[in-house]
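An overview of the molecular structure
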Amino acid sequence: MIKVSKIEYYLPETVLTNEDLEKEFPEWTSERIREKVGITQRHISSENETVLDLAVKSSEKIFENYDRNKVDFILFCTQSPEYFLPTTACILQDRLGLRKNIGAIDFNLGCSGFVYGLAFAKGLIAAGIAQSILLVTSETYTKHINPKDKGNRSIFGDASASAIVERAEGGSDYKFCLGTDGSGAENLIVKKGAFKTDFEQNPEHEFEPQNLYMNGPEIFNFTIENIPGLVRETLEENKMTMDDIDHFVFHQANSFMLNYLRKKTKIPAEKFYIDMENTGNTVSATIPIALKNMMEKGMLKEGDKVLLAGFGVGYSWGATIMEI
């Protein structure tokens, strides 16, 4: 069994409010944006600020109360890496002054990234390869977005979250449920930037191929078709029922989608956490940010069982249960 013993996050200083967006897109009011996606502001990385810069700041918060020399592996989740090569995780090891006899690797996942990271960490710990893992989910999606793309600009924000994952003595060994459907790749994609640059741009792609393209209706349909089943499967695999779960923390995509999911899965509102108003959708960082905020609000107590579910670009999805 594993435990998340520390979580910290960092948000860039620049803030983009709904009022700022309203000035650029007068046809949208700030209140309409809030009602539609449940967001009033989001933090935006500066021009020269990268996922590595954010990751250093969230991780240094961890080491204010945790011995950095204990870390023996870095898992770094991002879809806006510092370079194609080397891996951002390797550079992070140096920037943080961590030991050199540790492992470090990047993995490319979006909104399911934190759950997948926990699964990787569990495997490394179970195999005796690592004992203290720094799991970082850091994203600057806003650098992918065209300035004229009011839809995606209203949703996404930048952030980094860092967590320490360690072996937990005693307790239950909760199982993971993971899923993939690459047939949906075209519905959330940045087409240009890697090596496959020759393509015919789909007619519905309004912006340049180096920009983020999201087919919102298809992403919504994918989520509604797959995530209720993911919740049921996760409960069944762990021989639990809805009543056994104290809190449900899903990827914070947008409030409309989350409320629809909650009703469809029949999760009681008091058990379902939504908190993206001041951060927006920060991709792989949303779940750890939500957990940290719940801790600071005193919402989590020892022994609480939390069902975590991430889902999105790929398509990729995953869920597990975490015991506080």
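As the structure is a prediction and not an experimental result, all values here were calculated from the model.

1. What about helix α9 (residues 286-296)?
For α9, a buried count of nine out of 11 residues is recorded, marking the element as mostly surrounded by other parts of the structure. Of all the residues in α9, the buried ones are Thr286, Ile287, Pro288, Ile289, Ala290, Leu291, Lys292, Asn293 and Met294. At the exit of α9 stands glycine 298, carrying a positive phi of roughly 75 degrees.

2. Comments concerning the pairing of strand β7 (residues 159-167)
Among the nine residues in β7, eight count as buried, and that is most of the element. Of the pairings in the sheet, the one linking strand β1 (residues 2-10) to β7 comprises eight bridges and is antiparallel in character. Considered in β7, the bridge of tyrosine 9 is made with alanine 161. Alignment of strand β6 (residues 132-139) against β7, held across eight bridges, turns out to be antiparallel. Residue pairing in the sheet places valine 136 in a bridge with serine 162 of β7.

3. Considering the pairing of strand β12 (residues 305-312)
Counting buried positions over the eight residues of β12 gives seven, a clear majority of the element. The pairing of strand β11 (residues 247-250) with β12 spans four bridges and is parallel. Bridge pairing links valine 249 to leucine 308 in β12. Note that β12 and strand β13 (residues 316-323) share eight bridges and pair antiparallel. Of the residues in β13, the one forming a bridge with glycine 312 is serine 316. A loop of three residues connects β12 with β13, the two strands running antiparallel in sequence, and glycine 314 in this loop sits at a positive phi of about 145 degrees.

Conventions used here
Residues numbered from 1 in each chain as written. Predicted model: local features only at pLDDT ≥ 70, side-chain atom pairs only at ≥ 80, totals over all residues. Heavy atoms only, no water. Buried < 20%, exposed > 50% of the residue type's maximum accessible area, 1.4 Å probe, protein only. Helix = DSSP H or I, 4+ residues; strand = E, 2+ residues; numbered from the N terminus. Pairing = 2+ DSSP bridges.

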